[in-house]
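Observations on the three-dimensional arrangement
Here's the letter readout for the chains.
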Amino acid sequence: MLKLIGSVLLVLAFSLAGFQYAKRYRERPEQIRQLRTAITFLETEIGYGVRTLPEALAQVSLRAPVPIRDLLERCSKSLLELDGRSTYECLQFAVKQRWKWTQMQSDEKEIFLDICKNLGQSDRNTQIQHLTLAKQNLEQIEQQAQEEQRQYEKMYRTLGILAGALLIILLY
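This report concerns the structure included in the present document. (Residues numbered from 1 in each chain as written. Predicted model: local features only at pLDDT ≥ 70, side-chain atom pairs only at ≥ 80, totals over all residues. Heavy atoms only, no water.)

For the rest of this paragraph, the subject is the environment of L138. Here L138 lies in helix α6 (residues 124-171). Excluding residues within four positions of it along the chain, L138 makes contact with I32, L35, R36, I39, E108 and I111. (Helix = DSSP H or I, 4+ residues; strand = E, 2+ residues; numbered from the N terminus. Contact = heavy atoms within 4.5 Å.)

Laid out in structure tokens, this is it:
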């Protein structure tokens, strides 16, 4: 009986690990899409709103889902708190703090940091052009992430279950 309980626990542990790893592949394209949507809202705020950059980021964060919301809120607060630093330094500081809570990778981070370099440094039209270019780049990366999701999500779920079953076979 004890062996059976241990076997079930091993299979569950390995299965959960596989499902957690597969979750990263499932959430990444979704979060990239959410970031693109947030950039669209930011583009609208910059183009038609009469708000400062911290206010625009705070307003956009209200419409964004949780990991993107936290990132944008931190960016807004960073701009308000770190007085005396450049806009890019403030936004880079916020990205360093919050990026680890997303499932996005370094490609998306580089695109977002490129946006941060251009925000507040030029006129509205140039900023909107940079935001549009970033959305296009994110769209391409999102398509790649969806392809990776199709390839690897099911594989990692299955691999977790099979690894647990293999360990049980090897132990008994």
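Having seen the structure, we can now continue with the description.
Attention now goes to the nonpolar core. Judged by nonpolar contacts, the single largest core of 34 residues is most densely connected at L35, L42, L57, L72 and F112. When residues of this core are traced back to their parent elements, those giving at least two are α1 (2-48), α2 (53-63), α3 (66-81), α4 (87-98), α5 (106-118) and α6. No other element matches α1, which puts six residues into this core. Leave out the neighbours within four places in its chain, and L72 touches A38, L57, V60, S61, A64 and F112. (Core = buried A, V, L, I, M, F, W, Y, C linked by side-chain atoms within 4.5 Å. Buried < 20%, exposed > 50% of the residue type's maximum accessible area, 1.4 Å probe, protein only.)

Taken as a whole, the largest pocket holds about 150 Å³ of empty space. Residue lining of the largest pocket: E45, I46, G49, R51, T52, L53, A56, T87, G120, R124 and Q127, and that is the complete set. Looking at the lining of the largest pocket, the elements with two or more residues in it are α1, α2 and α6. A class-by-class count of the residues in the lining of the largest pocket yields three nonpolar, five polar and three charged. (1 Å grid on protein atoms, 1.4 Å probe; cavity = no way out; pocket = protein on both sides within 12 Å on 5 of 7 lines; lining within 4 Å. Points joined across faces, edges and corners; volume = space filled by probe spheres on them. Nonpolar A, V, L, I, M, F, W, Y, C, P; charged D, E, K, R; others polar.)

Here we take up the pattern of salt bridges. Following the criterion strictly, the structure yields 13 salt bridges and no others. The residue E153 makes a salt bridge to R26 at a minimum N-O spacing of 3.5 Å. Highlighted residues: E153 in helix α6 and R26 in helix α1, separated in sequence by 127 residues. Among the residues examined, R26 registers a relative accessible area of 38% and is labelled partly exposed. The partner of E147 in a salt bridge is R150, and the shortest N-O contact between them spans 3.0 Å. (Salt bridge = Lys/Arg side-chain N within 4 Å of Asp/Glu carboxyl O.)

A few words on a nonpolar patch on the surface. Nonpolar side chains collect at one region of the surface, where M1, L4, I5, V8, L9 and L12 lie side by side and expose about 640 Å² of accessible area between them. Within the fold, V8 resides in helix α1. Residue V8 is classed as partly exposed on the basis of its relative accessible area, which comes to 44%. (Patch = residues over 30% accessible without salt bridge, like charges linked within 9 Å, V, L, I, M, F, W, Y side chains within 5 Å. Areas by Shrake-Rupley, 256 points an atom, 1.4 Å probe, with all protein chains shown as cover.)

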